[in-house]
Each structure stands twice: as C-alpha cells, then as structure tokens.
Protein chains: 2
Amino acid sequence: MALPQYKIIYENLKNQIIGDIYQEGDLLPSENELSRLHDSTRTTVRQALGDLQKEGYIEKHRGKGSIVTSQKSTLGLLSFRGFSEVVGQTEHIMNTEMLQKPRLQKWPDPFFYSLDPLEQNAGCIFLKRLRKADDDSVMLESTYIPNLRLTRFTSKPLINNSLFRSLHILHQIDVVNLDQEVRAIRCDKEIARKLKLKEGDPILHIYRKYGTNREGFYIYSELHCNTEKYAMGSFFK
Amino acid sequence: MALPQYKIIYENLKNQIIGDIYQEGDLLPSENELSRLHDSTRTTVRQALGDLQKEGYIEKHRGKGSIVTSQKSTLGLLSFRGFSEVVGQTEHIMNTEMLQKPRLQKWPDPFFYSLDPLEQNAGCIFLKRLRKADDDSVMLESTYIPNLRLTRFTSKPLINNSLFRSLHILHQIDVVNLDQEVRAIRCDKEIARKLKLKEGDPILHIYRKYGTNREGFYIYSELHCNTEKYAMGSFFK
DNA sequence: GAGTGGTCTAGACCACCTG
DNA sequence: AGGTGGTCTAGACCACTCG
C-alpha cells in the first residue's frame, strides 16, 4: 500500500501549491534540488513534475525552471479531477447539496453506456448531488457505481463529502481517466426547477465514464450544467 | 530540427494504429521488444507509449502489455488534437469548408481572451471554417492567430487543408496544450443558417486558447457546435 | 518461471536562459 | 560560466499475468 516516491513528491508539491505556500508565478525548486530534498533521482522528480504540468499546476521553462500557474476563474469541471479538487483551485465558493444519498438499486434501462454482464448483475449504487458556486446552482450530477466489492459503502456518510475521497480511503480506488460526451440541450421542467432556469433554456448535458486503477471498474455520471453565469473549463496537455 | 527518438517512436506507432496496421484489441510489441527494434532503451520507449496512452490510443496492462483501444463513435473534438487528427480516429466522414480564407486584420474589440501588447499590436490572421461529419454541419470555427513572425502565411494555401500541419511545417510551431471554456447557448439567426438549425436551438459555445512550443505564442478559437446528432467527446488521462 | 509493465538509480550530453 | 529543463543510457528490482 506504500505510495511510490514520485506520487509522494507530487502530492507534496500539489498541497503546497493549493495551500498557497507556493503562489502563482513562484519558481519551484529545481529538479536537481528536489532530488536532493527528497533523497531521490531526477527521473523520479521529473515524473512528479510531469503530472503537475499535465494537470495545469505548473509550467516548465527550459533554462529557467518550473513556475506555478494562475488559478482559473472558470470552473475546471470538464477535467477529471473531482469536484472537491476544483474547489481548492478556484476563487468561487463551491458547495454541494446531496439530493439522493448513496443507495443500492438496479441500473436504469436503457443506460447511457453499455455495461458488461458483471456490472449489470451487480446492480449499482446511485447518488444525486447539486453543485453550487457562490450560491448559484450550476450542476446537477447523477452518479452510478457498480456494486462490486464495495462492502458497506452505502451505510457510511461520504468522507469530506467527497465521493472520490471515500472510494480512495475505503477501497483504494483512484480515478485515472475520463471519457466524456458533451451536448447542448434544452432543459426540461424538472431540471429547470433544480438549476433555477426556465424550461427550454440551453444547458450542457454530459455523459461520463471514469476509469479507475481497478481493472474493469468504472464509474458513470450524467451531468446537467447551467452555464449562464459560469463556463465549464478544461485544460489539456 | 531532428526529432527526439521518443517522438519518432511515438509517430511510428501512432501511424500504424491510425493506418490499421495495429487494430483495436491488438497487443503492441512489448517495451523491451520496442527498445530492441528502435535500438533504444526502455525509458525512451516508455516516453513514447506514455504519450500514446495519454491520448487514448492504447491502454497498458501490467503483466500483459499495451493494447490498442477502440475508435470512438463520438467526435473527439473537445481534445486539443486538431480536427485533422480526429478525422483519422473516427468512422465518420469528415470534411471542412473554408468560409473565410486566412487574412490579416485587426483583433476584434473586445476579444474573448486578454491579449498582451505584443499580440495586440501585431494584428491577427483570421480564418473561418465549417466542419462537417457525414455531410452534416457540426461545427463553425473562427480562428485568430497573432501575426508574429509568420511571414507570408496568408499568401499560401493550407497544407492538407490543415492549419496545425501548416504551422508545423512552415514555422515549426506545434500545439502543446489547450485551455477552453464551454457554454450552452441559444444560436442566433446567422449561426442557425450555417449549422442548419432553427434560431434559438441550443448549441455549444466554446472559447479556446491553444498553447504552443513557441514561448508566448498562442492561437485563439471560437467554436459553435451543433450536437443534435453528434456529441463532442474528450478523453483525459 | 518467463515475460510484462511500474518504479527507480546514477549517471551523461544537450539547448537554453541568466548574470 | 553556471544552472535549468529535455533527452537518453544501461542497468536494477518489483508486482502482476499467463501458460
């Protein structure tokens, strides 16, 4: 269960960036210096820095060093970092309202991704949450998790109110990638009420399939987003 | 101008995947075998495979090998690979209609991203294209490129009809990342006509800022997408 | 047990930036 | 000239999968 060195270095630096110990524009210690600090090699340090760069926390400049990048004013909710991660990266006050606590049920039929028989027979854990930014309702999120080797998951409250955090701590499951489909649709009466919009207003409709470090274990979400005030952002590298 | 080894290996494998020499589900040669084939080391090969994995071409499985992943039925247009790359990865027939050939002009004011004085004073090269999938109009794209050290760019036709390809070949400029904002809006009469929709229909509205390998050189785009038939997809890793 | 990818070491040379 | 990140070598040990 020991974390690899490069992930420790990664977490260490990320927390210092999120915690404003390194601020926007600051230069991180050089790769050689970080190797010395963590009693490691440049290769290992570079693996950590590469992840930070990929996720938009730093920029690297040859001959200069690694620079901490600015926080984004848009909501980085199209990336696969969980909502809780985004909260620490934006200037907006974000919070979550649980509309349906995790409960065991059958998969909807039809479902928006095709399921293999193992997933299908296991049933799913369903939960529904409303995300708010500065007290505006911005996102309605329905999540479906296959009920595979997740003992007592529905009986406990979420840790830090974060699904990903709970899966990590209770079951050592980490999200490693995200496949998503995005559409613009008109919202129906039900969604309109929850997102404080008018029926027929345009919203983002997103289907997601999260990949995890557990072979064959995926998490599915359907999102409806109000983008009147806040755009959904994403960063690719 | 020599490409690094890992990029050569990357391009080599990617072309074989796109060219169906390795097909969906196929196992790539192992890392050790690829090192021997390219007279290189595992580290270098892993750098190439890592990029392929990041972009969704392969999955790696410890103890098994690297497996070529399926083509996507949705349009991977929310990722930062150019449109031309997406064309090779989908089963749909894609093509592009040039609505406004590249021409030099002033920046729109206001512009959707803040420009620095260097960009502002240089003016911009503007072009406008309509993207089609299976003869359906799916995306209207307006692109703005700062006119910095791009001699004679507007006077030549695009190579392979691809902007990114032209920038690469004529100016050694490569896109390395993408920052984007996505919203759902109602389309106006003008856009509706071009995308064959009705005024007021919901569409995706996207602002993009592409980062390049040239320090401080960015490319900007504004997109309007019709998602009635085709969702816009993206893959993160 | 043989082969795979994941992690790591201890170096090297290069292009680039800054003082 | 000295420090930085980019690329690369030639190994090593590990956890995992498969026959």
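Below, the structure is looked at part by part.

## Observations regarding the sheet that holds strand β6 (residues 175-186) of chain B
- Reading across the sheet, the seven strands line up as β9(A)-β6(B)-β7(B)-β8(B)-β5(B)-β4(B)-β3(B) and stay open at both edges, with antiparallel pairing between neighbours. Of all strands in the sheet, those bounded by a partner on one side alone are β9 (232-236) of chain A together with β3 (94-105) of chain B. Going across the sheet, the axis of each strand differs from the next one's by a mean of 15 degrees, ignoring polarity.
- Summarising the sheet, β9 of chain A and β6 of chain B pair through five bridges and their orientation is antiparallel. Note on β6 of chain B: the bridge partner recorded for Phe 235 of chain A is Asp 179 of chain B.
- Against the sheet, helix α6 (residues 163-171) of chain B contacts β4 (124-133), β5 (136-146), β6, β7 (202-212) and β8 (218-225) of chain B, and its axis sits at roughly 30 degrees relative to β5 of chain B.

## A short note on the protein's contact with DNA strand D
- Taken together, 23 residues are adjacent to DNA strand D, and Glu 31, Arg 42 and Arg 46 of chain A together with Gln 5 and Thr 41 of chain B come closest.
- Backbone atoms, meaning sugar and phosphate, form 71% of the atoms of DNA strand D found within 4 Å of the protein.
- Separating a phosphate oxygen of DNA strand D from a side-chain N or O atom of Arg 46 of chain A is a distance of 2.7 Å.
- Of all the elements in the fold, those that place two or more residues in the surface near DNA strand D are α3 (42-54), β1 (58-61) and β2 (65-68) of chain A together with α1 (5-18) and α3 (42-54) of chain B.
- Tallied by class, residues from the surface near DNA strand D come to two nonpolar, 12 polar and nine charged.

## Brief notes about the packing of aromatic side chains
- Within the structure shown, the criterion is met by 23 aromatic pairs over all chains.
- When the ring of Phe 111 of chain A is compared with that of Tyr 220 of chain A, the centres are 5.4 Å apart and the planes differ by 85 degrees; the resulting orientation is edge-to-face. Placement of Phe 111 of chain A in the loop between β3 (94-105) and α5 (117-122) and of Tyr 220 of chain A in strand β8 (residues 218-225) is noted, with a sequence separation of 109 residues between them. As far as the burial class goes, Phe 111 of chain A and Tyr 220 of chain A line up, both buried.
- Between Phe 112 of chain B and Tyr 207 of chain B, the aromatic rings sit 4.4 Å apart at their centres with planes inclined by 20 degrees, giving stacked as the arrangement. Taken as a pair, Phe 112 of chain B in the loop between β3 and α5 (117-122) and Tyr 207 of chain B in strand β7 lie far apart in primary sequence, 95 residues in all.
- Among the aromatic residues, those joined into a cluster by ring pairs are Trp 107, Phe 111, Phe 112, Tyr 113, Phe 126, Tyr 144, Tyr 207 and Tyr 220 of chain A.
- When the ring centre of Tyr 218 of chain B is taken as origin, the NZ or CZ atom of Lys 209 of chain B, which lies over that ring, is 4.2 Å away.

## Topic: α6 of chain B
Residue and element names in this part refer to chain B.
- By the burial criterion, the buried members of α6 are Leu 163, Ser 166, Leu 167 and His 171. The arc that holds the buried residues of α6, viewed along the axis, is 100 degrees, so those residues lie on one side.
- Capping the start of α6, Ser 162 holds a side-chain oxygen 3.1 Å from the backbone nitrogen of Arg 165, two or three residues further along.
- Where α6 ends, the next residue or the one after it, Gln 172, has phi of about 55 degrees, a positive value.

## Here we look at the sheet that holds strand β4 (residues 124-133) of chain A
- Read across the sheet, seven strands follow the order β3(A)-β4(A)-β5(A)-β8(A)-β7(A)-β6(A)-β9(B) without closing on themselves; strand pairing throughout is antiparallel. Of all the strands in the sheet, the pair left with one neighbour each is β3 of chain A together with β9 (232-236) of chain B. The average undirected angle you get between the axes of adjacent strands in this sheet is 15 degrees.
- Summarising the sheet, β4 of chain A and strand β5 (residues 136-146) of chain A pair through 10 bridges and their orientation is antiparallel. Looking at the pairing, Cys 124 of chain A lines up with Pro 146 of chain A of β5 of chain A.

## Some details on the protein's contact with DNA strand C
- Surrounding DNA strand C, one finds 23 residues, the nearest of these being Gln 5 and Thr 41 of chain A together with Glu 31, Arg 42 and Arg 46 of chain B.
- Counting residues per element, the ones that place at least two in the surface near DNA strand C are α1 (5-18) and α3 of chain A together with α3, β1 (58-61) and β2 (65-68) of chain B.
- With four residues, α3 of chain A is the largest single contributor of residues to the surface near DNA strand C.
- Class assignment of the residues belonging to the surface near DNA strand C gives a composition of two nonpolar, 12 polar and nine charged.

## Some details on unusual backbone geometry
- The residue after Asp 109 of chain A, namely Pro 110 of chain A, is reached through a cis peptide bond having omega 5 degrees.
- Notably, Asn 161 of chain A is not glycine yet its phi reads approximately 60 degrees, a positive angle.
- For Asn 161 of chain A, the position within the fold is in the loop between β5 and α6 (163-171).
- A positive phi is found at Asp 135 of chain B, a non-glycine position, where the angle reads about 70 degrees.
- With respect to the helices and strands, the residue Asp 135 of chain B is situated in the loop between β4 and β5.
- For Asp 135 of chain B, a relative accessible area of 61% corresponds to the exposed category.

Calculation notes
Residues numbered from 1 in each chain as written. Chains lettered and ligands numbered in written order. Predicted model: local features only at pLDDT ≥ 70, side-chain atom pairs only at ≥ 80, totals over all residues. Heavy atoms only, no water. Pairing = 2+ DSSP bridges. Helix = DSSP H or I, 4+ residues; strand = E, 2+ residues; numbered from the N terminus. Axes fitted to C-alpha atoms, helices over the stretch in contact; angles between N-to-C directions. Contact = heavy atoms within 4.5 Å. Near = heavy atom within 4 Å. Polar contact = N/O pair within 3.5 Å; in protein donor to acceptor, adjacent residues only side chain to side chain. Nonpolar A, V, L, I, M, F, W, Y, C, P; charged D, E, K, R; others polar. Phe/Tyr/Trp six-rings, centres within 6.5 Å; stacked < 30°, edge-to-face > 60°. Buried < 20%, exposed > 50% of the residue type's maximum accessible area, 1.4 Å probe, protein only. Lys NZ or Arg CZ within 6 Å of the ring centre and 35° of its normal. Arc of directions from axis to C-beta.

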